[in-house]
Amino acid sequence: MSAEASELPEIDEPSAAVAWRTWTACGLMLLATALNYMDRQALAQQASHVQAELKLSNEDYGNLEFWFGIAFAGGSVATGFLVDWFSLRWLYPAILSGWSIVGFLTGGATSYGELLTYRILLGFFESGQWPCALAASQRLLSRGNRAMGNSILQSGASLGAIVTPMVVLALNHEGIGGWRTPFRVIGLLGGAWVVAWLLMIRPRDLDVPEGDAATGEPGDVEAVDSGTTIRRIAALIVTVIVINLCWQYFRAWMPKMLESEHGYGAAAVQWFSSGYYVAAGIGCLVAGAMSRALADRGWSVHRARLATFAACVALTALSLAAAYLPASPLLLALLLAIGFGSLGQFPLYYAFTQEISARWMGRVTGALSFAAWVVTGAAHPVIGRWIDRTGSYAAPNALAGLAPVAGLAVILILWDFPGRRGRAAEATPAEAVRNS
């Protein structure tokens, strides 16, 4: 079946209906990403409470993030293979159900060992979100629309992170279970998503399109030689590691940094965290819209993505200044800019990965995610030890925001050698009207 056919499950279905269903599916994936981050972020937003009750050091907290990351890495590879083998219509809700159940059970943890077990299981199941979502968006969307579609689904990360502090403020009270209640309530929300997905998505909606960049067969990705594919994968390995180092550092450590180093109160930190993720969500959507707008103005698809990615990298590099500022409106403003740029990098990275292979998208995504989470997971205990020893977040703050510069550099160097022609950076006229 052709790429066009995969977007048109029934030949007589009007194109407007196809477009509506396609973008509605992206909206469902946005909500899945939101649930993914709510289950994950419930710990970061309540770290002080959990540490106090279970008597955890900063290094212990870092180890929770480490093992979550290692489990996420292993699960990424496993679910990447499953995505290429099984129907996404059934696999996606099964994986989401898994992490929702584990999130609910986390509310019953009574020791460090139990909490660690649940974080490992949560990491394993949550890793399936990205192979599933990126394979689905690749199959549903034309090449020119993928950055925008990826922006929609990735913006769910900020939506989930915006809502989580509000859930914590509303539910983290001793009379109703304290820090345990948010974990349980968030875990229960996954059931509604599963029902909506099964009602909306039909069996043929997510069929694999014919064609593969790796084989050079006709399709919706670029046919390139093996040397170019290897270079691009190498560039993506570096890129996914550094953008995740930036995003995951601020996700896990910023609330603690604001509270313990800068003296902001717990409620103020929760409200600012929501504002941070509002900025991140806007950045994510703006990145997708900017990439598409530049392409509409005649830029090649690749050049439009690259320029947008560079703008986002410039914003995260502001961490070099933010790291050494005292508590102040300027510090908070720079952190908002960092959040805007940090999440904005992801839809562009995802669009780059979708150029590698149509048939093996799950494996590509899983392998790249494995690399990212092994490194970022290992970084958290080191960060915790540094903070325990020095009492300062300055150096980690600065380095985390600067890390994406390396991703931009390797893409510029390795993606295409100067003078190479026929890069498939241009969308065909047919693509210009698909999913419009």
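Residue numbers run consecutively from 1 along every chain, following the written order of its sequence. Local features are withheld for residues below a pLDDT of 70 in this predicted model, meaning they are given only at 70 or higher, and side-chain atom pairs are given and counted only at 80 or more; totals for whole chains, interfaces and linings count all residues. Hydrogens and water are ignored here; the side-chain numbers use all heavy atoms of the structure.

J.: What exactly am I supposed to notice about helix α8 (residues 146-171) here?
T.: In an α-helix, one full turn covers 3.6 residues, which means residues spaced three or four apart are oriented alike. With 26 residues, α8 should cover 38 Å at 1.5 Å per step; its first-to-last C-alpha distance of 37 Å lies within 8% of that length. Among the 26 residues of α8, 20 are classified as buried, and the element is accordingly described as predominantly covered. A run of H or I in DSSP counts as a helix once it spans at least four residues, and a run of E counts as a strand once it spans at least two, with each numbered from the N terminus. A helix is expected to span 1.5 Å for every residue after the first. The rule is simple: take the accessible area with a 1.4 Å probe, protein chains only, and divide by the maximum for that residue type; under 20% is buried, over 50% is exposed, in between is partly exposed.

J.: Would you mind showing me how to read empty space enclosed by the protein here?
T.: Rolled over the atoms, a probe as big as a water molecule pinpoints where empty space is left. In this analysis the probe radius is 1.4 Å and the grid spacing 1 Å, with only protein atoms considered; a cavity is a set of points the probe fits into but cannot get out of, a pocket is an open set with protein on both sides within 12 Å along at least five of seven lines, and lining residues have an atom within 4 Å of a point. Grid points are joined across faces, edges and corners, and a volume is the space filled by probe spheres set on the points. Per the counting criterion, the structure on display carries 5 cavities of 30 Å³ or more. If you go around the largest cavity, you meet 17 residues; those closest to its centre are Trp130, Asn244, Phe346, Tyr350 and Trp373. Among the secondary structure elements, those contributing two or more residues to the lining of the largest cavity are α2 (15-44), α7 (129-140), α11 (226-261), α15 (329-353) and α16 (361-390). For the lining of the largest cavity, the element with the most residues is α16, which contributes 5 residues. Polar here means any residue outside two lists: the nonpolar Ala, Val, Leu, Ile, Met, Phe, Trp, Tyr, Cys and Pro, and the charged Asp, Glu, Lys and Arg; Gly therefore counts as polar. When its residues are assigned to classes, the lining of the largest cavity shows 11 nonpolar, 5 polar and 1 charged.

J.: What is the right way to read the side chain of Gln41 from this model?
T.: The topology assignment puts Gln41 in helix α2. By the criterion applied in these results, polar contacts are pairs of N or O atoms within 3.5 Å in which, for protein atoms, one can donate a hydrogen and the other can accept it, and in which residues neighboring in sequence qualify only through two side-chain atoms. Engagement of the side chain of Gln41 in a polar contact is seen with the side chain of Tyr277, the distance being 3.3 Å. We call two residues in contact when some of their heavy atoms are within 4.5 Å. If sequence neighbours within four positions are ignored, Gln41 has contacts with Thr164, Arg251 and Tyr277.

J.: Explain the packing of helix α13 (residues 301-316) against α15 here, please?
T.: The geometry of a pair of packed helices is captured by two quantities: the angle between their axes and the separation between those axes. An axis is simply a line fitted to the C-alpha atoms; with a helix, the fit covers only the stretch in contact. Between two such axes, the angle follows the N-to-C directions and lies from 0 to 180 degrees. Interaxial distance between α13 and α15 falls to 7 Å at its minimum, and their mutual angle equals 155°. Classified by the angle their axes make, α13 and α15 are roughly antiparallel. For α13 against α15, the interelement crossing comes out left-handed. Side by side, α13 and α15 meet where His302, Arg305, Leu306, Thr308, Phe309, Cys312, Val313, Leu315 and Thr316 of the first sit next to Ala337, Ile338, Phe340, Gly341, Ser342, Gly344, Gln345, Leu348, Ala351 and Phe352 of the second. Looking at side-chain class alone, the contact of α13 with α15 contains 11 nonpolar, 7 polar and 1 charged residues. Each angle is binned into one of four classes, with values under 35 degrees roughly parallel, values over 145 roughly antiparallel, values of 65 to 115 roughly perpendicular, and all other values oblique. Throughout, a crossing is termed right-handed when the near helix is turned clockwise from the far one, and left-handed when it is turned anticlockwise from it by less than a right angle.

J.: Any chance you could explain a nonpolar patch on the surface here in plain terms?
T.: Each patch is built from residues that are more than 30% exposed by relative accessible area and take part in no salt bridge. Like charges join if they lie within 9 Å; nonpolar side chains (Val, Leu, Ile, Met, Phe, Trp, Tyr) join within 5 Å. Areas reported as accessible are Shrake-Rupley estimates using a 1.4 Å probe. Residue values count occlusion only from the protein chains shown. Any carboxyl oxygen of Asp or Glu that lies within 4 Å of a side-chain nitrogen of Lys or Arg is treated as forming a salt bridge with it. Residues Val77, Phe81, Trp85, Phe86 and Phe370 make up a contiguous nonpolar surface patch of about 500 Å² in total accessible area. Counting residues per element, the nonpolar patch draws most heavily on helix α4 (residues 58-85), which supplies 3 residues. Structurally, Val77 can be placed in helix α4. Assessed through its relative accessible area of 31%, Val77 is described here as partly exposed.

J.: Would you mind showing me how to read the packing of helix α5 (residues 88-106) against helix α9 (residues 180-188) here?
T.: Axis separation between α5 and α9 bottoms out at 7 Å; the angle between their running directions is 160°. Between α5 and α9, the crossing angle belongs to the class labelled roughly antiparallel. Remark: the crossing between α5 and α9 carries left-handed chirality. Residues Ser100, Gly103, Phe104 and Thr106 of α5 pack against Phe183, Arg184, Gly187 and Leu188 of α9. Of the residues contributing to the contact of α5 with α9, the split by class is 3 nonpolar, 4 polar and 1 charged.

J.: I tried to follow the pattern of salt bridges on my own but got confused; where do I start?
T.: Oppositely charged side chains may form a pair once their charged atoms are brought near each other. Scanning the model with the defined rule gives 6 salt bridges in all. Glu59 is the salt-bridge partner of Arg385, the closest N and O atoms lying 3.5 Å from each other. In this pair, Arg385 sits in helix α16 while Glu59 sits in helix α4, placing the two residues 326 residues apart along the sequence. By relative accessible area, which is 28% here, Glu59 ends up partly exposed. One salt bridge in this structure joins Glu65 and Arg251, with 2.8 Å as the shortest N-O distance. You can see Glu65 sitting in helix α4 and its partner Arg251 sitting in helix α11, a full 186 residues away along the chain.

J.: Where do I start with the nonpolar core in this structure?
T.: Nonpolar side chains in soluble globular proteins tend to end up buried together. Grouped together as the largest cluster of nonpolar side chains are 111 residues, with contacts concentrated most on Met29, Trp193, Trp247, Phe250 and Leu335. Counting residues per element, this core draws most heavily on α11, at 15 residues. Those residues in contact with Met29 that lie beyond four places of it in its chain are Tyr92, Gln129, Ala133, Ala136, Ser137, Leu140, Leu153 and Trp197. The definition of a nonpolar core used throughout is a set of buried Ala, Val, Leu, Ile, Met, Phe, Trp, Tyr and Cys residues joined through side-chain atoms within 4.5 Å.

J.: Before we go on, may I ask you to explain the confidence of the model for the protein in this structure?
T.: Detail in the predicted coordinates should be disregarded across regions flagged by low pLDDT. The predictor rates its confidence in each residue with pLDDT, a number between 0 and 100. Of all residues in the protein, 87% attain a pLDDT of 70 or more, and the chain-wide mean is 83. Looking at the elements of the protein, mean pLDDT is at its lowest for helix α1 (residues 3-6), recorded as 37, and at its highest for helix α18 (residues 404-414), recorded as 96. Contacts for the low-pLDDT stretch residues 1-14, under 50 throughout, to residues beyond four places or in other chains number 33 contacts.

J.: Can you help me understand the environment of Leu122 in this one?
T.: Here Leu122 lies in helix α6 (residues 112-126). Through-space distance from the C-alpha of Leu122 to that of Gly103 is 6.7 Å; in sequence the pair is 19 residues apart. Setting aside chain neighbours within four positions, we find Leu122 in contact with Asp39, Arg40, Phe68, Trp99, Val102 and Gly103.

J.: Help me understand the state of the cysteines, please; the structure alone is not making it clear to me.
T.: Here, the word disulfide means a covalent bond between the sulfur atoms of two cysteines. Two cysteine sulfurs form what is called a disulfide whenever their separation falls within 2.5 Å. In this structure the tally under the stated criterion is 0 disulfides. Among the cysteines around Cys312, which has no disulfide bond, Cys284 carries the closest sulfur, lying 8.8 Å off. The class for Cys312 is buried, based on a relative accessible area of 5%.

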